[in-house]
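Coordinate analysis (summary)
This is what each chain is made of:
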Amino acid sequence: MRDLYNGADSPQQLLAALLEPQAPRERLARLNASVAHAAAASPFYRRWPTLHALDSLDELASFGFTCKEDLRAEYPYGLLAVAPERLTRYAESTGTTGGVNAGFVTARDWKTNNFCVALAWAELLGRHDIMAVAVPYELSYVGADIDRVAELLGVSVLAVGTNNKLCPWTRLLALLRSHKVTTLVCAPIRALRLAAMAAEQGLDVRRDLAVRRIVCMGEALSPARKAHIERLWGASVYNHYGMTEAMAVALPCSQGQLHLAEQRFVFEVIDPGSAAVLAPGSTGELVLTTLAQEAMPLVRYRSGDLVRTDSSPCACGNPHTRIVHLGRVQDLIGTPARRFHISELDEILLAEAGIEPIYSVQGDASHVAIHLIPAAGSDWHGTRARLNAALEAYCRMPVELVPIDRQEWYQRIDNRSKPGTVPAPALPLSTKETMQ
């Protein structure tokens, strides 16, 4: 079997392999090596009779899909494609969409991912930076991955974690100030909540803190939300997109764009309903196939995430496709004639000064309900009238706005590792809900 890493083993060789441009022929060879490895070594893929060598990248669409339900059914080791003693790390998803997915990596898988992230983040960070990492460490890759990247780049780290008794969010806020932290890594909602907490203490995050860079992960970051956090903090905001099954999938660049990690994956975008492969530049569900993953190769894995792609040149010089991560496919709502994603409503909701920037959107084919917090001192009746008019014009269906208690909801957010999964205190009318 062809070596998935082209013989690279040392850090220097792995780094050189990541930097080397991939000609279509070499990319196809790596894809075939990965498919062959999956078919021979993964218990799950050994049951796939259709896997075979491909004559072109376009033929990948002839294979079936791997779905999250498959990973859950095979939990924990049904997709393990190496001997257990070769594993370096194990992780599990937080099960935010139901069930648990396992992930595992060899030393070469782990180092390759670390280097891939470091190559991207080197454009953003340097030895002068102090970074607070407020993301999960428990049963997760992401915190440990960022720590390794920081070591490679010479960045100082405050490993805060999330939802822990040793460093609650009030202490994180104090650390941001006392240690003059320049870079904050956290979920988008956490950045919003920390700014609100600072205001409660009489602090202005722009004036009283040194944070000038925020890297968001763990939740979708719409362009409107990104711009809102930048204005709120007076900081540059970047997005980083990954998953337990595949580690880093898309990486930020100096221009604030999000580029797919095409060194490590072949990507497709499909129609979520028909599963047909869409043309470049389309909006659809992201599908990935690994090119160099020893422990857990994946063939046409349906991520369940909705993305908008852009293959035009980026000013940063990275030739890889750019995406906007819109959120979960399951959060598409509306009628067949007018389907939209709940994240699209950010542009309207975040422009309204009469509400706080954390809310919950849910809906179906005939109705949208939004739970939100009226801003202190605002005219709720006027706010509701303005929002109803703008939202119903956009959604083309009835919209219900439900005011909720600020303290109760913020308390629940403060006690969650992934605050974007917290439902509003009042139960919504539909099961299709996510925090925005």
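Residues numbered from 1 in each chain as written. Predicted model: local features only at pLDDT ≥ 70, side-chain atom pairs only at ≥ 80, totals over all residues. Heavy atoms only, no water.

The name given to the protein chain in an unreviewed UniProt entry is AMP-binding protein, and the organism recorded there is Massilia mucilaginosa.

Comments concerning the overall build of the protein chain
This is how the line gets drawn: Only DSSP runs of H or I covering at least 4 residues are called helices, and only runs of E covering at least 2 are called strands; the numbering of each starts at the N terminus. Radius of gyration here uses only the C-alpha atoms, and the compact-globule reference equals 2.2 Å multiplied by the residue count raised to the power 0.38. Note on classification: 1.4 Å probe, protein chains only; a residue is buried when its accessible area is under 20% of the maximum for its type, exposed when over 50%, partly exposed between these limits. Each accessible area is a Shrake-Rupley result for a 1.4 Å probe, and residues are judged covered by the shown protein chains and nothing else.
Helices and strands together make up the secondary structure of the protein chain, namely twelve helices and 20 strands. The C-alpha radius of gyration computed for the protein chain amounts to 22 Å, which stays within 12% of the reference 22 Å derived for 436 residues, consistent with globular compactness. Seen along its three principal axes, the alpha-carbon backbone of the protein chain occupies a region of about 70 × 50 × 40 Å. The 436 residues of the protein chain split such that 56% are buried. Accessible surface for the protein chain amounts to roughly 18000 Å². Of this, 53% is attributable to carbon and sulfur atoms.

Some points on the confidence of the model for the protein chain
Stated precisely, the cut-off is as follows: Scored from 0 to 100, pLDDT reflects the predictor's confidence in each residue. Should any heavy atoms of two residues lie within 4.5 Å, those residues are considered in contact.
Averaged over every residue, the pLDDT of the protein chain is 92; residues scoring 70 or more account for 94%. Taken as a whole, residues 428-436 scores under 50 in pLDDT and shows 43 contacts with residues more than four places along the chain or in a different chain.

Quick word on the side chain of R30
This is how it is decided: Neither His nor the chain termini are counted; the positive set is Lys and Arg, and the negative set is Asp and Glu. When a carboxyl oxygen of Asp or Glu lies within 4 Å of a side-chain nitrogen of Lys or Arg, that pair is called a salt bridge.
Counting through the fold element by element, R30 comes out in helix α2 (residues 24-41). There is no salt bridge for the buried R30, and the closest opposite charge comes from E26, which lies 4.7 Å off by N-O distance. Contacts of R30, omitting those with residues within four sequence positions, involve L4, N6, Q22, Q263, L291 and A292.

Some details on the pattern of salt bridges
Scanning the model with the defined rule gives 18 salt bridges in all. Between D208 and R207 there is a salt bridge, with its nearest N and O atoms 2.7 Å apart. When the shortest N-O distance is used, the salt bridge between E356 and R406 registers 2.6 Å. One end of the pair, E356, is in strand β17 (residues 355-363); the other, R406, is in helix α12 (residues 406-414), and 50 residues separate them in sequence. Exposure remark for E356: the relative accessible area of 12% places this residue in the buried category. Note on R406: relative accessible area 23%, which makes it partly exposed. The structure contains a network of salt bridges with shared partners spanning R193, E200, E356, R406 and D414.

Section: the UniProt feature "domain: AMP-dependent synthetase/ligase" (unreviewed entry) in the protein chain
Here is the rule we go by: UniProt positions are given in the numbering used here, feature names are shortened, and annotations may be inferred rather than shown by experiment.
The sites that carry the UniProt feature "domain: AMP-dependent synthetase/ligase" (unreviewed entry) are, in the present numbering, residues 155-288. Strand forms 30% of residues 155-288 and helix 28%; the C-alpha atoms that close the span are 31 Å apart.

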